[in-house]
Amino acid sequence: MDEVNEHKKLKVAFFGTSDRSIPILEKLNETFELVLCVTKNDVKVGRHQKLKETEVKKWAKTNNVKYVTISGLKGTDLEKVIEQLNNSNVDFVLVADFSFIIPAPLIETFPKKLINIHFSLLPKYRGASPVQHAILNGDSITGITIHLVEKRMDSGDILHQIGYKMAGNETSGTLYDLLFKLAAENITEVLERYSQGQITQIPQDEDSATYTYSPTQPQSTFIFKEDAEIKWKSPADVIERKIRAYNPWPIAWTLAEYLEKNPKLSGRNFILRSNINKESKIRIHSAELDDQNKLKIRTLQPEGRNKINWEEFENGYVLPVIQEPKGLKDKLLNRDKTD
RNA sequence: CGCGGGGUGGAGGAAUGGCACCUCGUCAGGCUCAUAAUCUGAAGGUCCCGGUUCGAAUCCGGGCCCCGCAA
């Protein structure tokens, strides 16, 4: 019986670069014959620009799965990938959080065999930052979509969708973790059913498609550092969502001076001590809303410093503004005059 | 050796060659029905090694560690 199953095992390839891919790889490897991993070349990383291999490559090495690393899906890299896929007689290619756009030649060579996991309920939030946008917009539900890869970004027919009810305190980091886990739990079943022709493909409704364009670079769906600047004119809840959406990267930030006497902030008014440059950036790692709907910063990070919590910030960088009773100031001024 | 910033009691920060200081915390005591409130007092510190100097947190050399940029 085992032997029969061996023969029927689907041959699957995986394209991905994210560190979070490992649970998916484990599942694929358990259930199918994982014939190939395609991931990014080693990248220079960290302060000393050391070469680092992706987690996918590391995993493939330790699990004796064949892998190919590429710098982009074109030219000789693309030829290499297509050749390897052909050699291994692949049934499906699963793409998840890959750094590269799947080019037309690859889609044409393996029609209906390229399957992508997208981290939103398509056709909402097509593009590179669906999770961040779900948080930014304060959605109460998001999820994952398993769909066929077409030439247009995230536009192919839907095989399966799984919703996820948001608690309202997710960061992009924690939400990505949850959604990857959800994907890992479901991907093998979807692939199996698809291979047996049990899935009805659902075309996406183009009219309701939305994209995750960057506010500062509207031609791109990626996240940029400038996107993460806090606009204090925004309502406090919008700012709070922004802080969660841009964690763990790039982290929401503001110029230090904007924290002074800021009516949107919870607690006492203050001015900055002279030991901090008012034009330096302060990164806001986490915050919440207090009962008056004001922003209560939890952890933050001045330039060149470690991340600290709000109490530590007050101890080291802040002078409270004493709120004088109305009229007292005039009284004092008048007294000075009469003296 | 990719580029820049930094390392000061338990935490966060001042002090640029001359008595190591501030806020918070800790401990003891006072006040209090009580307290995270308040008052008094105390303990505890310059990342490591070497150099310059009458004198180094501060200047110089080496090391370790942290942060940002970059990817």
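Chains are numbered independently. Their residues run from 1 in the order of the written sequence. Chain letters start at A and ligand numbers start at 1, both assigned in the order the entries are written. This being a predicted model, a pLDDT of at least 70 is required before a residue's local features are given, and a value of 80 or more before pairs of side-chain atoms are given or counted; all residues contribute to the totals for chains, interfaces and linings. Based on all heavy atoms of the structure, the side-chain values leave hydrogens and waters out of the count.

Some points on unusual backbone geometry
Omega for the bond connecting Leu-122 with Pro-123 falls within 30 degrees of zero, at 10 degrees, which places this linkage in the cis form. We count a stretch as a helix when DSSP gives it H or I for four or more residues in a row; a strand needs E for two or more, and each element gets its number in order from the N terminus. Mapped onto the elements, Pro-123 comes out in the loop between β7 (114-118) and α6 (130-136). Residue Pro-250 is bonded to the preceding Trp-249 through a cis peptide linkage, with omega at 0 degrees. With respect to the element layout, Pro-250 can be found in the loop between α8 (236-245) and β10 (252-255). The backbone phi angle of Gln-49 is positive, close to 55 degrees, even though this residue is not glycine. Tracing the chain through its elements places Gln-49 in the loop between β3 (43-45) and β4 (50-52).

Considering the protein's contact with RNA strand B
Proximity is defined per residue: any heavy atom of the residue falling within 4 Å of a molecule or strand makes that residue near it. Taken together, the neighbourhood of RNA strand B is formed by 20 residues, with Arg-47, Lys-225, Asn-275, Asn-306 and Glu-312 sitting nearest. Among the atoms of RNA strand B lying within 4 Å of the protein, the sugar-phosphate backbone contributes 67%. For RNA strand B, a sugar or linking oxygen lies 3.4 Å from a polar atom in the side chain of Arg-273. At 2.6 Å, a side-chain N or O of Tyr-317 approaches a phosphate oxygen of RNA strand B. Those elements that provide at least two residues to the surface near RNA strand B are β3 and α9 (310-317). Within 3.5 Å is the distance limit for a polar contact, defined as a pair of N or O atoms, with the added protein rule that one can donate a hydrogen and the other accept it, and that residues adjacent in sequence qualify only through two side-chain atoms.

Some words on the UniProt feature "domain: Formyl transferase C-terminal" (unreviewed entry) in chain A
UniProt annotation of "domain: Formyl transferase C-terminal" (unreviewed entry) refers to residues 223-317 when read in the numbering used here. As annotated, residues 223-317 comprises 19% helix and 27% strand, and the C-alpha atoms at either end are separated by 30 Å. UniProt positions are given in the numbering used here, feature names are shortened, and annotations may be inferred rather than shown by experiment.

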